[in-house]
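Next come the chains, spelled out residue by residue.
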Amino acid sequence: MCALVFVSDFEYRQRDVNAALEGSIDFAIVFELLVYFGVAAIFFLGAAAPKARRLPPPLLIMWVFTVVLVISALWAPSMVFSAVRGSQHLILAVMATVFGRQADEHDFANIAGAYVGLMTGFIGLGLVWRIAPSNNVADRFNWGATHPVVAAALLVTSVLILMSWTRADTGYRPFRTSAVYLLLFVHVAALAATQTRGAIFAAIVGAIVWLALAVKRRQDLLIMAAFLAPVLGFLSRDVVLGLIVRGESIEQLQTLNSRTTLWAEAISAVGSNPILGRGYFSAREIFLESIGLGGAHNAYIEVLVSTGLVGVALLAALLVRMIRVLSAIRRTPQGPLIAAIFASLLANGLTAQYWAQGGTGSSVWFYVCIAWASAVWTQEMRREAETRRRAAATEGGIDLGSPQIQQPVSEPG
């Protein structure tokens, strides 16, 4: 999973947009695709044969949604480019299915630990090697040539994982408490340094969800507040205002840095085919031609443009089912973290389209959250079924914990 995040969102060079849309390839693209298909091969060859039971509802809806996305590449403006990205979506769906069926809580905890290690390495890299993707983001934190908005989207998840590790009873954690707090401070500071407002808002949403579900004692809140005090102190009034305004005009702020203009353009673009949309990944090419911005800068608008009302309806069904599943597992050790990460993805989707596109770290986490929630939900359903079975057996006078003693049957008369 971390390998997919790495090849998806680590950039060492800036690629010409027209070259990408025309389907031209270079070493980085070949390497990314090889890693994706290599991971798919590992899952196909190494995964155990699935049992006959049905897929959990989130995984089932996920597959329908993914297939619709991939099929829509057939009528996209750049069919080759869209088909390649669509294949990455299919690989993520395979990964999520295997995880959702066969992984347990320790597997997902190991994934979280590896991801924090990866992001810590990225932060360290950003301290020594940065290439500004453009002049208007030169003062914002990133690593290599990765865009600050992409870096911020990845950091949101690591911040929430580290926040969950501040409580010893929320599952496995690989570090001591002092190291967890130190890493949390570093990751929060790196997120703030990206100056990405949408991602910071998403982190706040995720943190609120986690606090509401996981923190049950007042002293835990006091500890968290004491830790965050230096960060809040750093983000003083002037810093906060500077982050919000970020040198932009009143008109830019009112349009969310041209996003509302872009969204209006998206609604207009999909009007020619509202049922099926303009094809997968079509937003990038459509908006580059019309207003010079690539992508819808909104995951929900991205789905609408790509797959029309059919895709939006499937996405809505998936989100509703995920909310129901997350509500059912909210009291499990990992439930609050899964809910927090998923909520942050949905919040970040308001200003960034990444989880609705293949080949991004956010899309990897979108599918991992579906698999993680499905696995925990399935385990909880089995535990509840076993509890009910034992309760029913106990009421019937059967002791399931010890072998039954066969009583002699007396003959009548």
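Residues numbered from 1 in each chain as written. Predicted model: local features only at pLDDT ≥ 70, side-chain atom pairs only at ≥ 80, totals over all residues. Heavy atoms only, no water.

Applying the stated criterion across every chain, the model contains three cavities of 30 Å³ or more. In this structure, the second largest cavity occupies an estimated 40 Å³ of space. Looking at the second largest cavity, the residues that line it are L345, N348, G349, A352, Y354, W355 and S362. When the residues that make up the lining of the second largest cavity are grouped by side-chain class, the tally is four nonpolar, three polar and no charged. (1 Å grid on protein atoms, 1.4 Å probe; cavity = no way out; pocket = protein on both sides within 12 Å on 5 of 7 lines; lining within 4 Å. Points joined across faces, edges and corners; volume = space filled by probe spheres on them. Nonpolar A, V, L, I, M, F, W, Y, C, P; charged D, E, K, R; others polar.)

The next thing to look at is the packing of aromatic side chains. Counting across every chain of the model gives 15 aromatic pairs. Taken together, a centroid distance of 5.0 Å and an interplanar angle of 80° make the contact between F81 and F281 edge-to-face. With F81 in helix α5 (residues 79-102) and F281 in the loop between α13 (259-270) and α14 (282-290), this pair connects stretches of sequence that are 200 residues apart. No difference in accessibility class separates F81 from F281, as the two residues are buried. Consider the rings of Y280 and F281, whose centres lie 5.3 Å apart with planes at 80°: the pair is edge-to-face. (Phe/Tyr/Trp six-rings, centres within 6.5 Å; stacked < 30°, edge-to-face > 60°. Helix = DSSP H or I, 4+ residues; strand = E, 2+ residues; numbered from the N terminus. Buried < 20%, exposed > 50% of the residue type's maximum accessible area, 1.4 Å probe, protein only.)

For an α-helix, 3.6 residues make a turn, and residues three or four places apart therefore share a direction. For helix α9 (residues 197-214), with 18 residues, the first-to-last C-alpha span of 25 Å sits near the 26 Å given by 1.5 Å per residue. Looking at α9, one finds that the buried residues are G198, A199, I200, A202, A203, G206, A207, W210 and A214. (Expected span 1.5 Å × (residues − 1).)

If you look at soluble globular proteins, the nonpolar side chains tend to sit buried side by side. Within the largest apolar cluster, 97 residues are counted, with the highest numbers of intra-cluster contacts made by M1, M95 and W365. Ranked by the residues each element gives to this core, the list is headed by helix α17 (residues 361-395), at 13 residues. Dropping the residues within four chain positions of it, W365 is found in contact with M1, I111, Y115, T157, I161, I341, L345 and W372. Listed in part, the eight residues of the second largest apolar core include A269, F287, A296 and I301. (Core = buried A, V, L, I, M, F, W, Y, C linked by side-chain atoms within 4.5 Å. Contact = heavy atoms within 4.5 Å.)

Side-chain pairing between opposite charges can occur once the charged atoms of the two side chains come close. Within the structure shown, the criterion is met by five salt bridges. Of the charged contacts in the structure, one is a salt bridge between R388 and E384, with a shortest N-O distance of 3.9 Å. Of this pair, R388 and E384 both sit in helix α17, four residues apart, roughly one helical turn. The salt bridge partner of E386 is R389, with a shortest N-O separation of 2.8 Å. With E386 and R389 both in helix α17, this residue pair falls three residues apart, about one helical turn. You can call E386 partly exposed: its relative accessible area is 29%. Residue R389 is classed as partly exposed on the basis of its relative accessible area, which comes to 46%. Within this structure, E386, R389 and R390 form a network of salt bridges that share partners. (Salt bridge = Lys/Arg side-chain N within 4 Å of Asp/Glu carboxyl O.)

Next up on the list: unusual backbone geometry. Even without being glycine, Q195 reaches a positive phi, approximately 55°. In this structure, Q195 sits in the loop between α8 (177-193) and α9.

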